[in-house]
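Chain residues, written in single-letter form:
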Amino acid sequence: MDYKNLENQDKDVFLAISREKERQINEIELIASENYVSLAVLESMGSVLTNKYSEGYPKHRYYGGNQIVDIVEEIAIERAKKIFNAEHVNVQPLSGSPANAAVYFAFLKPGDKVMGLKLDHGGHLSHGHPVNFSGMLYDFVQYEVDSKTGKIDMKEVRKIALKEKPKMIVAGFSAYSREIEWQKFKEIADEIGAYTFADIAHTAGLIAAKKMDNPVPYFDVVSSTTHKTLRGPRGAMIMCKEKYAKQIDRAVFPGMQGGPHDHITAAKAVAFGEILRPEFAEYGDQIIKNAQKMAEEFKKREYKVISDGTDNHLMVVDMTSKDIDGKTVEVALEKCGISVSRSTIPNDPNPPIKPSGVRFGTPAVTTRGMKETEIVKIVEWIDKAIGNRDNNKVLNQIQKEVEEFCQNFPIPSV
Ligand SMILES: *Cc1c(COP(=O)(O)O)cnc(C)c1O
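Everything in this summary refers to the structure shown in the same document.

What counts, and at which threshold
Residues numbered from 1 in each chain as written. Predicted model: local features only at pLDDT ≥ 70, side-chain atom pairs only at ≥ 80, totals over all residues. Heavy atoms only, no water. Helix = DSSP H or I, 4+ residues; strand = E, 2+ residues; numbered from the N terminus. Polar contact = N/O pair within 3.5 Å; in protein donor to acceptor, adjacent residues only side chain to side chain. Contact = heavy atoms within 4.5 Å. Near = heavy atom within 4 Å. Areas by Shrake-Rupley, 256 points an atom, 1.4 Å probe, with all protein chains shown as cover. Nonpolar A, V, L, I, M, F, W, Y, C, P; charged D, E, K, R; others polar. Pairing = 2+ DSSP bridges. Axes fitted to C-alpha atoms, helices over the stretch in contact; angles between N-to-C directions.

Here we take up the side chain of Ser134. For Ser134, the location among the structural elements is in helix H6 (residues 133–137). A polar contact of 3.0 Å, which involves the side chain of Ser134, links it to the backbone nitrogen of Gly128. Once you skip the residues sitting within four places of it in the chain, Ser134 turns out to touch Tyr104, Leu125, Ser126, His127, Gly128, His129 and Phe140.

Right, let's get into the site of the ligand. Close to the ligand lie 13 residues, the nearest being Ser95, Ser97, Ser174, Asp199 and Lys228. Between an oxygen atom of the ligand and a side-chain N or O atom of Lys228, the distance comes to 2.8 Å. For the ligand, the protein covers 85% of the area, taking 380 Å² as the surface of the free molecule. A per-class count over the shell around the ligand returns 2 nonpolar, 9 polar and 2 charged.

A word on the sheet that holds strand S4 (residues 88–90). A sheet is described by the order of its strands in space; here 7 strands give the open sequence S4-S10-S9-S8-S7-S5-S6, paired in mixed fashion. At either end of the open sheet lies a strand with only one pairing partner, and these are S4 and strand S6 (139–143). Going across the sheet, the axis of each strand differs from the next one's by a mean of 20 degrees, ignoring polarity. Of the pairings in the sheet, the one linking strand S8 (residues 195–199) to strand S9 (residues 221–225) comprises 3 bridges and is parallel in character.

Moving on to unusual backbone geometry. Cis geometry is adopted by the peptide bond preceding Pro254, which originates at Phe253 and carries an omega value of 10 degrees. Notably, Lys59 is not glycine yet its phi reads approximately 70 degrees, a positive angle. Position of Lys59 among the secondary structure elements: in the loop between strand S2 (56–57) and strand S3 (60–61). One non-glycine residue, Asn85, lies in the positive phi region at around 60 degrees. Looking at the secondary structure, you find Asn85 in the loop between helix H4 (67–84) and S4.

Right, let's talk about the sheet that holds strand S14 (residues 341–343) for a bit. Strand order in the open sheet made by the 4 strands is S11-S12-S15-S14, with antiparallel pairing throughout. Only two strands of the sheet have a single neighbouring strand rather than two, namely strand S11 (304–305) and S14. Relative to strand S12 (residues 314–318), S11 runs antiparallel, the two being bridged by 2 bridges. Bridging across to S12, Lys304 finds its partner in Asp318.

Here you go:
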C-alpha cells in the first residue's frame, strides 16, 4: 500500500509508519507472537467496514444497514468452523485477553476457583496472574512445569485438580514448547466436573495446519488470538460446543464488548481463507522444522533450551548457561536488528524485568520464506552478538549483514 493520502495529510504519522515499515523490512523478527499479514488481510483492515456499527450478531443487530456486514461475519464464522471442526464460533472478540475475559464471564462467578499454568512457567497474564483482572476476580490455583524436564507433568496436574476441585481448568500457553495432552486434561476435568478451557493463542496456526493436536473436539471452550500463528489481523475468536453457544455469545456482547470491529472481522475471514489453502499446511510444517533446527543449533553451542527442544514454533533459552540475563541479550540483539522477547524461565531466580531467559519463535521468519539454512545463519549471528555484547563494532557489523540478508526475504505486508 502506498499511503498517498496519509502522506499528503499528516507527515508526522506517515513518517512514523514508513520508518516502522523499513524496520520490519530490514530486521529479523523472532518474537514468537508476531507475524506478517498478507496485503489482502491488510487491505480488509483498512476498509470502509470500520465506519459501521453492528452490535449484535448476524440477522440480530441493534442497528440498521447491516445486511453486508452480516455476510462478512458469516463467512468468517463458516471458515473458522471448517478449519477447527468447531460447533460454534464467535469472531467478535477484540483481542486475546478480552476473549479470555468473556470465557470466564460466561462460565464463572467472581471468586470461583480456576486452575491455570503459572506465568513464569509459560502461562499467560490472563490465566490468573495477580496483576491481571483474572487473578483479581477469580481464585486461581496455579500449576507448574516439572523443574527437571521443563514439561507439564499430568500426574501433578491431576493431583492439584483433585485437591483443589476448580470449576474450570485452563490449558494452552504463551511460552511452552511442547505438545499439550488435551485429552488427559479433559479426563482430569471430568473426574471433578470442571469446565475445560483451551487458550490456543500461540499454536492455533499449527493446529489449523494439522501439525499439532486440536483441543476443539474435546474441550468445552477454546479461545485464540488471530494475529499470531494464524497470520490474521490483531484480534481473537472463541470456539465452543453448541450447548454453550448462547452463553458465550452473550458474554462477548453485551457482556464484555459493544460494537464488533467489522473491518477486522473481514480481515479474519480473509486470513481464514488463506489458512484453508493447501500452502498453509506447508507453512505450518516449515515453522516447526525451523524451530527444531534453531533449538538444535542453540544446543550445539551449549545453550540450555528449556524442555530440551520444541514441538511447536517457539523455545525459551536459559541464558544463565552463558552467564548473561535475558534483558541484556534482548538489548544486544536489538543493536543487530534482531528482535526477541526476554522471558522468565521456570522458577526464575531473577525478576520479570530482567529475567534469565529469551523466547525465540519462527512464525515470522518462516512467512518470509526462510528455511533451515537461514536459521543456522541467524543462530550464528545471535551467538556472536552474545559473545560480543560489549563490542559495538562487532554488533554494528552484524547489523549490516542482517540488513543485507533481509533484502532476499521480502515481507508480504508492504
Ligand atoms: C497472546 C496471548 C493472549 C493475549 O492476547 P492479546 O491479544 O495480547 O490480548 C492470551 N493468551 C495467550 C496464551 C497468549 O499467548
